[in-house]
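Each chain, letter by letter, is given below.
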Amino acid sequence: MFDHPEFDGHEQVVHCHDESVGLRAIIAIHDTTLGPAAGGCRMQPYASEADALTDVLRLSKGMSYKNALAGLRLGGGKCVVLADPSTPEKHALLHALGRHVQSLGGRYWTAIDVGVGPADVDVVADECDYVFTRASEYPAGFDPSLFTALGTFTALRAAAEHVWGTDDLHGRTVAIQGLGATGRDLARQLHEAGATLVVADIDRAVVSHVVNAYGATAVDPATIHAQPVDVFAPCALGSVVDDDTLPAIGARVICGTANNQLAEARHGEALRAAGISYVPDYVANGGGVIGAAARIYSSPTLDESRAAVARIYDTTRQILTRAAAESRPPSDIADDMARRIIAAAR
Ligand code: NAD
């Protein structure tokens, strides 16, 4: 593992096994300089254990940077469970996982991610104290993913201000890839702000909902990145910017909720060279952790959490302004800023 291409001095990587329920999971704690490691738990039927390890090493490092730039007193960690989230054994798996997270004594706090929702985190909490984003912490119907969508909307407005001199989105066109928990609410906010939407999702039901509710135009998911729009908002998958998609991207700004949007770090420079302003993914989607994870060490109200998410506006402006001044990709600037915050604390 120490030679793994995604290994970045991670403090601790724990392989978790519970034969009685078939649990196979990996917890990666990247850095705890700023505080306990905090990051979600992803449940996915990985093709191999190697794929799961790659994912958790990369995601946990991303959480260190995300939490640092979000101004949180939290380090970076992440957990992956090698299982199909629709398995009837999910409840038992979450309980077994909770016992493993508990055994780390608070070095790692877990939360929602792909395949694990707020109600699932309540199940983990039966066995574990170190959880956030529990459904039971919020008013009925409130999903902490809404903090993420609010943060991405805020970052998108800041990017518009940087590129066009105004954050008024009336008349702007935005292509949204993925209309799940975050993409759907981003669509709502953009529609209310006067933007025109082009959308794609592999789930036809969510597409027709957004088309009907917000007057969006639906396109083939394979072409969403290539739409001639002002902003491309990836809200589904990672690695959407690669050698194949990049030449076809029609937008001036990329800002979405998805994690790991660049297939490789070098695509940050390629976007800059193409004149596209990229809001680094972990800045654009930091609203979830800002809104939810501060509960680990304080007790903010929903309104206070929403107000905290608003600071993404200034962070985004600062990163894009510095990137322009130094002719460097915003993704490199954000990494530098996060590393400096951690180094100063160390
Ligand atoms: P979600 O599972 O609710 O929604 C994802 C949507 O993408 C689904 O509707 C799915 O059908 C669609 N999709 C899948 N493949 C697609 C494709 N090829 N083309 C178009 N659509 C496709 O997930 P979410 O919670 O909205 O998260 C979306 C992304 O944001 C993920 O990368 C996640 O890691 C990241 N993220 C989410 C949060 C959060 O608070 N939920 C926080 C930070 C980052």
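Residues numbered from 1 in each chain as written. Predicted model: local features only at pLDDT ≥ 70, side-chain atom pairs only at ≥ 80, totals over all residues. Heavy atoms only, no water.

1. Remarks on the overall build of the protein
Summing up its helical and strand segments, the protein has twelve helices and twelve strands in all. Its C-alpha atoms give the protein a radius of gyration of 19 Å, near enough to 20 Å, the size a compact globule of 346 residues would have. Seen through its principal axes, the protein has C-alpha atoms that stretch 55 × 45 × 40 Å. Taken across its 346 residues, the protein has 54% of its residues classed as buried. Relative to all contacts within the protein whose residues are 6 or more apart in sequence, the contacts with residues 24 or more apart total 65%. In the structure as shown, the protein presents an accessible area of about 13900 Å², 50% of it carried by carbon and sulfur atoms. (Helix = DSSP H or I, 4+ residues; strand = E, 2+ residues; numbered from the N terminus. Rg over C-alpha atoms; globule rule 2.2 N^0.38 Å. Buried < 20%, exposed > 50% of the residue type's maximum accessible area, 1.4 Å probe, protein only. Contact = heavy atoms within 4.5 Å. Areas by Shrake-Rupley, 256 points an atom, 1.4 Å probe, with all protein chains shown as cover.)

2. Examining the packing of aromatic side chains
Overall, the coordinates contain six aromatic pairs when judged by the stated rule. Measuring from centroid to centroid gives 5.4 Å for Phe2 and Phe7, while their planes differ by 85°, and the two rings are edge-to-face. Phe2 sits in the exposed class, given a relative accessible area of 67%. By relative accessible area, Phe7 is classed as partly exposed at 22%. Directly above the aromatic system of Tyr138 lies the positively charged group of Arg295, at a separation of 5.2 Å from the ring centroid. (Phe/Tyr/Trp six-rings, centres within 6.5 Å; stacked < 30°, edge-to-face > 60°. Lys NZ or Arg CZ within 6 Å of the ring centre and 35° of its normal.)

3. Some remarks on the site of the ligand
Close to the ligand lie 23 residues; Thr148, Ala181, Thr182, Asp201 and Asn259 are nearest. Between Arg42 and the ligand, the recorded distance is 3.3 Å, taken from a side-chain N or O atom to an oxygen atom. Protein coverage of the free-state accessible area of the ligand, which is 830 Å², stands at 77%. Contributions of two or more residues to the shell around the ligand are made by α4 (145-164) and α5 (181-192). (Near = heavy atom within 4 Å. Polar contact = N/O pair within 3.5 Å; in protein donor to acceptor, adjacent residues only side chain to side chain.)

4. Considering the domain arrangement of the protein
According to the domain assignment, the protein consists of domain 1 (12-64 + 74-132) and domain 2 (146-345). Once you take the C-alpha centre of each, domain 1 and domain 2 turn out to be 25 Å apart. Taken together, the contact pairs 14 residues of domain 1 with 14 residues of domain 2. For the domain 1 and domain 2 pair, buried surface summed over both sides reaches about 1100 Å², with 71% attributable to carbon and sulfur atoms. Considering only the side of domain 1, the residues that lose the most area to domain 2 are Arg58, Leu74 and Phe132, jointly responsible for 43% of the buried surface there. (Domains from an automatic or database assignment. Buried area = accessible area lost by both parts, 1.4 Å probe.)

5. Concerning the nonpolar core
Within the largest apolar cluster, 89 residues are counted, with the highest numbers of intra-cluster contacts made by Val81, Val174, Ile176, Leu190 and Leu197. With seven residues, α4 is the single largest residue contributor to this core. Residues from two domains meet in this core; each of domain 1 (12-64 + 74-132) and domain 2 (146-345) gives at least three. Contacts of Val81, omitting those with residues within four sequence positions, involve Leu23, Arg24, Ala25, Cys41, Arg42, Met43, Gln44, Tyr46 and Leu97. (Core = buried A, V, L, I, M, F, W, Y, C linked by side-chain atoms within 4.5 Å.)

6. Here's the deal with the environment of Ala70
Relative to the elements of secondary structure, Ala70 occurs in the loop between α1 (49-69) and β5 (75-82). According to the relative accessible area criterion, Ala70 is buried, its value standing at 6%. Sequence-distant contacts of Ala70, that is, excluding residues within four places in its chain, are made with Val289, Ile290 and Arg311.

7. Observations regarding the pattern of salt bridges
Pairing is possible between side chains that carry opposite charge, provided their charged atoms lie close to one another. Inspection of the entire model under this criterion finds 23 salt bridges. For Arg157, the salt bridge goes to Asp167, with nearest N and O atoms at 3.0 Å. Of this pair, Arg157 sits in helix α4 while Asp167 sits in the loop between α4 and β7 (173-177); the two residues are ten residues apart in sequence, bridging distant segments of the chain. Among the residues examined, Arg157 registers a relative accessible area of 25% and is labelled partly exposed. On the basis of relative accessible area, Asp167 is assigned to the partly exposed category, the value being 24%. What you see here is one network of salt bridges that share partners, running through Arg322, Glu326, Arg328, Asp336 and Arg339. (Salt bridge = Lys/Arg side-chain N within 4 Å of Asp/Glu carboxyl O.)

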